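Structure assessment
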Amino acid sequence: MEDVFRFADDLGPLKIVHIHRPSVGLKAVVAVDNVACGPAIGGVRMAPDVSTEEAFRLARAMTLKNAAAGLAHGGGKSVIFGDPRMPLRDKERLIRAFASAIEDLTEYIPGPDMGTDELAMGWIQDEIGRSVGLPREIGGIPLDEIGATGFGLTAAVDVAAREIGLELKGARVVVQGFGSVGRHAARFLAEKGATLVAASDSQGAIIDSTGLDVAALSALKAAGRPLKEHKSGRAGAADAVIDVPCDIWIPAARPDVINAANAARLNTRMVAQGANIPCTAEAEQALAARGVLSLPDFIANAGGVICAAVEYHGGTQAQAFATIDEKIRANTQSVLAEAKRTQVLPRAAAVALAKQRVRHAMQTRRWEAR
Ligand code: NAD
């Protein structure tokens, strides 16, 4: 028999709940990893091929991300087995059944993830009054629309730029993946005087060393058109952005896009990780060896989850922006200082900082201390 405690270590998981409601075809797993900092916030992922292991690994990532972000929230994640493109009525039935099944699991606060969205969070809220990432009409702060993650990424870049003596005014920026994260990062950096010299989406890239019009590119994407149709600059294949010389390179698309095979092609001073795990461990080492600073994903892209936490506590959009700015600046500063002091990569310093915060919080808990 499989060992049900195979994921257990000194941080968690606190509990893993398997849910089965045959009458509606619901199979789901909720992993609550660690709640010492507060109730766990983490997304609900819907896909046909999810697993208990995926739920646990994502929950652990949220424990570290929320602690690194300085939030009074632990980490959790849930997965629902199913095709997210199923008819909306069926999806609503499934999500509502899921919500009712987790009603008493009060240490877990669900949010959107792959295969779920703000409408799905609205259904969960309607069922049990506990979720984040809600539609604006019922108290949500639409984090993708306002660019919460791109805003936070810009704050991290601003702090790191000072650290390496890079002036943001006139700095050349490349964005891979011009979606919710990428296009807002380009917009906020342009507001600080940086120049977007290349951008890509899944269908291709557009490159112009004299500068691209960020607003025009965003309008193109909003109209459902690919970036390569932009009037100025030169169009190329999607991965052409890897070779474009720049000061700040922003991955904001898929995991593992920078790896041992292509890391040497990057000609930049900083990689600001908007996407989750966009660089393999080998690539991060290789970049560091060349003096390229990598800002780890869970420090630099925490704007979204910080926004969700502010929403959960009833805050406004303005408070969300202020909190993102304050927390990401402070955390980037701490991580870079610690990395320098201990001579480790920023990622290792960030993980150490997050674990230290979780362990500290665990000392305050009655059930941990005894
Ligand atoms: P999105 O779907 O809005 O945008 C992704 C963009 O990447 C799209 O424009 C798509 O065309 C493009 N893309 C896909 N494959 C590509 C490729 N091979 N080359 C170039 N471009 C490609 O998604 P998003 O919400 O912006 O998320 C992007 C990444 O950031 C994901 O890894 C996500 O997990 C992570 N992330 C998102 C948030 C958030 O707040 N949305 C927060 C933290 C992390």
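This write-up is about the structure you can find in this document.

Rules used in this analysis
- Per chain, residues are indexed from 1 in the order of the written sequence.
- Reporting in this predicted model follows two pLDDT cut-offs: at least 70 for local features of residues, and 80 or more for side-chain atom pairs to be given and counted; totals over whole chains, interfaces and linings ignore these cut-offs and use all residues.
- With hydrogens and water stripped out, all remaining heavy atoms of the structure feed into the side-chain values.
- Think of it this way: any DSSP run of H or I at least four residues long counts as a helix, any run of E at least two long counts as a strand, and we number them from the N terminus.
- Burial classes follow relative accessibility: with a 1.4 Å probe on protein chains only, a residue under 20% of its type's maximum area counts as buried, one over 50% as exposed, and anything between as partly exposed.
- Counting of polar contacts relies on pairs of N or O atoms within 3.5 Å, with two restrictions inside protein: one atom must be capable of donating a hydrogen and the other of accepting it, and residues adjacent in sequence are counted only when both atoms are side-chain atoms.
- We call a residue near a molecule or strand whenever a single non-hydrogen atom of that residue lies within 4 Å of it.
- What sets the accessible areas is the Shrake-Rupley method with a 1.4 Å probe; for residues, cover comes only from the shown protein chains.
- Polarity classes work like this: nonpolar for Ala, Val, Leu, Ile, Met, Phe, Trp, Tyr, Cys and Pro, charged for Asp, Glu, Lys and Arg, and polar for all others, with Gly in that last group.
- Salt bridges are counted wherever a side-chain nitrogen of Lys or Arg sits within 4 Å of a carboxyl oxygen of Asp or Glu.
- Pairing of aromatic rings covers Phe, Tyr and the six-membered ring of Trp, with a centre-to-centre limit of 6.5 Å; geometry is then stacked below 30 degrees between planes, edge-to-face above 60, and tilted otherwise.
- Note on geometry: a ring has a charge over it if NZ (lysine) or CZ (arginine) is within 6 Å of the ring centre and within 35 degrees of the ring normal.

So, the side chain of Arg-60
Note on placement: Arg-60 falls in helix α1 (residues 52-68). A residue is classified by how much of its surface remains accessible, and Arg-60, at 12% relative accessible area, is buried. Side chain to side chain, Arg-60 and Asp-33 meet in a polar contact 2.7 Å long.

Re the site of the ligand
Taken together, 20 residues sit near the ligand, with Asp-144, Thr-149, Ser-180, Val-181 and Ser-202 positioned nearest. One nitrogen or oxygen atom from the main chain of Asp-201 is found 3.4 Å from a nitrogen atom belonging to the ligand. If the ligand stood free it would expose 830 Å²; the protein chains cover 69% of that surface. Listing elements by their share of the shell around the ligand, those giving two or more residues are α4 (143-146), α6 (180-191) and β7 (195-201). Class assignment of the residues belonging to the shell around the ligand gives a composition of six nonpolar, ten polar and four charged.

Let's talk about the pattern of salt bridges
Evaluation of the coordinates by the stated rule reveals 25 salt bridges. For Asp-83, the salt bridge is made with Arg-85, and the minimal N-O distance between the two is 3.4 Å. For Glu-92, the salt bridge goes to Arg-96, with nearest N and O atoms at 2.9 Å. Placement of both Glu-92 and Arg-96 in helix α2 (residues 88-101) is noted, with a separation of four residues, approximately one turn of the helix. One network of salt bridges, in which partners are shared, links Asp-158, Arg-162, Lys-192, Asp-325 and Arg-329.

Notes on the packing of aromatic side chains
Here the structure, examined in full by the defined rule, presents four aromatic pairs. Here the aromatic rings of Phe-7 and Phe-56 are separated by 4.8 Å at their centres, their planes lie at 20°, and the arrangement is stacked. Remark: Phe-56 occurs in helix α1 and Phe-7 occurs in the segment before β1 (15-21); sequence separation between them is 49 residues. The class of Phe-56 is buried, set by a relative accessible area of 9%. Ring geometry for Phe-151 and Phe-188: centres 5.2 Å apart, planes at 75°, overall edge-to-face. Residue Phe-151 is located in helix α5 (residues 148-163), and its partner Phe-188 is located in helix α6; the two are separated by 37 residues in the primary sequence. Sitting above the plane of the Phe-188 ring, Arg-187 keeps its charged end 4.2 Å from the centroid.

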